[in-house]
Amino acid sequence: MAHEEVGMIFGDVGLGQFQISLSHPIERGDYLTVDDEANGRVLCQLDDLRRTSDLNLERADEIGRGEVSTPIHERLLGVARIIGFRDGQGLVKLPTIPFRPGAKVYRAEEPLIAEVLGLKHRGNTGAYLGLLRNHNLKVELDINQLVQRHVSVLAKTGGGKSYLLGVLIEELLRHKVTCVIIDPHGEYGSLRLAAEKNGVHARFGVESQGFARQVQEFSPDVQLNPSAKPLTFSLRHVEPRDLLVFMGLTNVKSFLAPLKELVESVAAGNPEYSVKDLVRAAEHGEGTVAETLHERLEYLEQTKILGAQGTSLNDLVEKGVATLINLRGVAPDVQELVVARIASTLFDNRKKNKIPPLFLVIEEAHNYAPQQGTATCSRVLKNIASEGRKFGLGLCVVTQRAARIDKTVLSQCNTQLILQVTNPLDLKAIAQSIEGLTAGMTEMIQSLPVGVALVTGGGYHTPLFCEVRPRATRHGGESVRIVDN
Ligand SMILES: Nc1ncnc2c1ncn2[C@@H]1O[C@H](COP(=O)(O)OP(=O)(O)O)[C@@H](O)[C@H]1O
Ligand SMILES: [Mg+2]
């Protein structure tokens, strides 16, 4: 590629940004270079574009009325931010003296972009996410950073979060990283199946491939989710208050005391009691409270979520395997209990080094760690966000409501993968939780096409736009068609 000139620096020049009078149309986000006397070629990026003209309102009116037809002089002006250059030791530096007004601005060439951004093949530690937007340069995330320093995936509904996460899980499985995925819609089972190949796969250099041997699935409801193994919890380890949630009873005031009494009397006779024993003991109770308890315990017995023994941790976590916790069809408050129990069990056992380091993915995380949430689930996830890294438990939160997820959790994520976001409150929450996001980037997030992500962290010192690679496996989150065409 020739060294293509696109314009000239003018006006006041800062150390972080400068203005360009553009002679060629370029796009916001394009990479540029300026030759600096002291430091050589410096990488910059177009952050904003503006067309100015000498057409004032008065003249516009005159032209509108057909009174004059003088030519309009217009200019294309840009604002660029300086990304920097690599010094002798390979560190990214910013010039300490502003560029000269009048200096020429060129379109950046790919080798320089790759060098300064740090786009390189990371071998065993790289997760191939896609290509740098408008370039043929691979964006690989540092897997150690992902797992050690947490990840958030943020976008509006239909923005491509689950698709992107699928890409990430494929990469982790290729590198034999253990994953546990909270899957509220049951959409990750398709990681077992190879995608149908199309032209896009060739462009990105992706082979279609299924991961059937590295995916296992558990669900509290195996009738609705027959591909899953049953997920059960040990009845004896469930507090009566949580038992009410599993039974679908919200009126704690009326039911907690009688339930406690019932459990205690059964446990006194048989410490290995089952739900069936509770049902039997509740059979002869009189009055509406007792009758409701009996009826809800029968329901609980049918769900089979509580057994004498819970699903063993060794079954749940297997090295190099992605375990899906499919919660499709499970009531929201029961989901919350399940997530709290699984997350805290994983955390406790990571601390004791009883299970391999792992990546815990929470889809629809605003439901499990809401802002100002006080439920156990929120507490556990906040703990993992703040301390998980010390114990090799990486957290990945996925949400369409950045404004509604707990801020501690969000701010602990050092890698952010952001797709299109339009809600102003969510944008504000994102801007507040990410360093180095320019006003121009925040604007660009609002109009990102599906499949383009803004990546911050992940081993990169500056945010970059990435065209997400196609899936090697099938995507399970296709929207339901209401009407066929
Ligand atoms: N990188 C991509 N390439 C191609 N199609 C995509 C990409 N990302 C998302 N899609 C499509 O967009 C739709 C919504 O994506 P999805 O990941 O399910 O959204 P979200 O989880 O954010 O609601 C899906 O039908 C998917 O096929
Ligand atoms: Mg989704």
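Keep in mind that what you see is a predicted model, and the values were worked out from it rather than measured.

Caption draft 1: Looking closely at the overall build of the protein chain. Secondary structure assignment for the protein chain yields 15 helices and 21 strands. With the C-alpha coordinates of the protein chain rotated into their principal frame, the extents come out at 95 × 55 × 50 Å. The proportion of buried residues among the 485 residues of the protein chain is 51%. Of the contacts made within the protein chain by residues no fewer than 6 positions apart, 70% connect residues no fewer than 24 positions apart. Split by element, the accessible area of the protein chain, about 23100 Å² in all, is 49% carbon and sulfur. Put simply, the protein chain has 54 plus and 57 minus side-chain charges, and the middle of one group is 4 Å from the middle of the other.

Caption draft 2: Molecular detail of the side chain of Ser-21. With respect to the element layout, Ser-21 can be found in strand S2 (residues 17–22). A polar atom in the side chain of Ser-21 sits 2.8 Å from the side chain of Arg-75.

Caption draft 3: Here's a closer look at the packing of helix H11 (residues 332–351) against helix H12 (residues 376–387). Contact geometry of H11 with H12 gives a least axis separation of 8 Å together with a crossing angle of 35°. Pair H11 / H12 crosses with left-handed handedness. Residues Glu-336, Val-339, Ala-340, Ala-343, Ser-344 and Phe-347 of H11 touch H12, and the partners they reach there are Thr-376, Cys-377, Val-380, Leu-381, Asn-383, Ile-384 and Glu-387.

Caption draft 4: Geometry of the environment of Asp-277. Its place among the elements puts Asp-277 in helix H8 (residues 275–282). Between the C-alpha atom of Asp-277 and that of Val-266, which follows or precedes it by 11 residues, the distance is 7.2 Å. Once residues within four sequence positions are removed from consideration, Asp-277 is found in contact with Val-266 and Asn-270.

Caption draft 5: The arrangement of the domain arrangement of the protein chain in detail. Segmenting the protein chain into domains produces domain 1 (5–117), domain 2 (123–230 + 313–468) and domain 3 (234–307). Counting residues at the interface gives 6 residues for domain 2 and 8 residues for domain 3. The largest per-residue losses of area from domain 2 upon contact with domain 3 belong to Val-334, Leu-337 and Arg-341, which jointly make up 67% of the total buried on that side. Here domain 2 is connected to domain 3 by 1 salt bridge. Among the salt bridges present, the one from Asp-242 reaches Arg-341, with a minimum N-O distance of 3.6 Å. For the interface between domain 2 and domain 3, the tally reads 1 residue pair in polar contact (both at pLDDT 80 or more).

Caption draft 6: Up close: the site of ligand 1. Around ligand 1 lies a shell of 14 residues, among which Gly-158, Gly-160, Lys-161, Ser-162 and Tyr-163 are the nearest. The backbone of Gly-160 places a nitrogen or oxygen atom 3.0 Å from an oxygen atom of ligand 1. In this structure, an oxygen atom belonging to ligand 1 sits 2.8 Å away from a main-chain N or O atom of Lys-161. Calculation on ligand 1 without its partners gives an accessible area of 560 Å², and the protein chains cover 75% of this total.

Caption draft 7: Representation of H11. Given a rise of 1.5 Å per residue, 20 residues ought to cover 28 Å, and the 28 Å separating the end C-alpha atoms of H11 matches this to within 8%. Just downstream of H11 lies Asn-353, where phi reads positive at about 60°.

Caption draft 8: Here's a closer look at the packing of helix H7 (residues 252–269) against helix H9 (residues 288–303). Between H7 and H9, the least distance of the axes is 10 Å, while the angle of their chain directions is 70°. With respect to H9, the element H7 is oriented roughly perpendicular. Relative to H9, H7 is oriented so that their crossing is right-handed. Residues Ser-254, Phe-255, Pro-258, Leu-259 and Leu-262 of H7 touch H9, and the partners they reach there are Val-289, Thr-292, Leu-293 and Leu-297.

Caption draft 9: Molecular detail of the nonpolar core. In terms of nonpolar packing, the biggest core is built from 79 residues, with Leu-243, Leu-306, Ile-325 and Leu-360 touching the most fellow members. Sort the elements by how many residues they give to this core and H11 lands first, with 9 residues. Counting only domains with at least three residues in this core, you end up with domain 2 (123–230 + 313–468) and domain 3 (234–307). Discounting residues that sit within four places of it in the chain, Ile-325 has contacts with Val-180, Ile-181, Ile-182, Asp-183, Phe-218, Leu-231, Leu-316, Val-338 and Ile-342. Membership of the second largest hydrophobic core comes to 50 residues, among which are Leu-132, Ile-169, Leu-417 and Leu-464.

Caption draft 10: Up close: the pairing of strand S7 (residues 104–107). As paired elements, strand S1 (residues 5–10) and S7 share 3 bridges and run antiparallel to each other. When the bridges of S7 are listed, Glu-5 appears paired with Tyr-106. Taken together, the 3 bridges between strand S3 (residues 31–36) and S7 define a ladder with antiparallel strand orientation. Note that in S7 the partner of Val-34 across the bridge is Val-105.

Caption draft 11: Fine view of the sheet that holds strand S11 (residues 178–183). Pairing within the open sheet is mixed, and its 12 strands lie in the order S9-S8-S21-S20-S19-S10-S18-S17-S11-S16-S12-S13. Each of the sheet's edge strands pairs with one partner strand only, and the pair in question is strand S9 (138–142) and strand S13 (229–230). The strands that helix H4 (residues 161–174) touches are strand S8 (126–132), S9, strand S10 (151–154), S11, strand S12 (215–219), strand S16 (322–326), strand S17 (358–362), strand S18 (393–399), strand S19 (415–418) and strand S21 (460–468); relative to S8, the one it contacts most, it runs at about 135°. Along the sheet, H12 makes contact with S17 and S18, crossing S18 at roughly 125°.

Caption draft 12: Here's a closer look at the environment of Asn-414. With respect to the helices and strands, the residue Asn-414 is situated in the loop between helix H13 (407–411) and S19. For the pair formed by Asn-414 and Ile-434, sequence separation is 20 residues and the distance between their alpha carbons is 8.5 Å.

Reading the values: the criteria
- Residues numbered from 1 in each chain as written.
- Chains lettered and ligands numbered in written order.
- Predicted model: local features only at pLDDT ≥ 70, side-chain atom pairs only at ≥ 80, totals over all residues.
- Heavy atoms only, no water.
- Helix = DSSP H or I, 4+ residues; strand = E, 2+ residues; numbered from the N terminus.
- Buried < 20%, exposed > 50% of the residue type's maximum accessible area, 1.4 Å probe, protein only.
- Contact = heavy atoms within 4.5 Å.
- Areas by Shrake-Rupley, 256 points an atom, 1.4 Å probe, with all protein chains shown as cover.
- Lys, Arg positive; Asp, Glu negative; His and termini not counted.
- Charge placed at Lys NZ, Arg CZ, Asp CG, Glu CD.
- Polar contact = N/O pair within 3.5 Å; in protein donor to acceptor, adjacent residues only side chain to side chain.
- Axes fitted to C-alpha atoms, helices over the stretch in contact; angles between N-to-C directions.
- Left-handed = near helix turned anticlockwise from the far one by under 90°.
- Domains from an automatic or database assignment.
- Buried area = accessible area lost by both parts, 1.4 Å probe.
- Salt bridge = Lys/Arg side-chain N within 4 Å of Asp/Glu carboxyl O.
- Near = heavy atom within 4 Å.
- Expected span 1.5 Å × (residues − 1).
- Parallel < 35°, antiparallel > 145°, perpendicular 65-115°, else oblique.
- Core = buried A, V, L, I, M, F, W, Y, C linked by side-chain atoms within 4.5 Å.
- Pairing = 2+ DSSP bridges.

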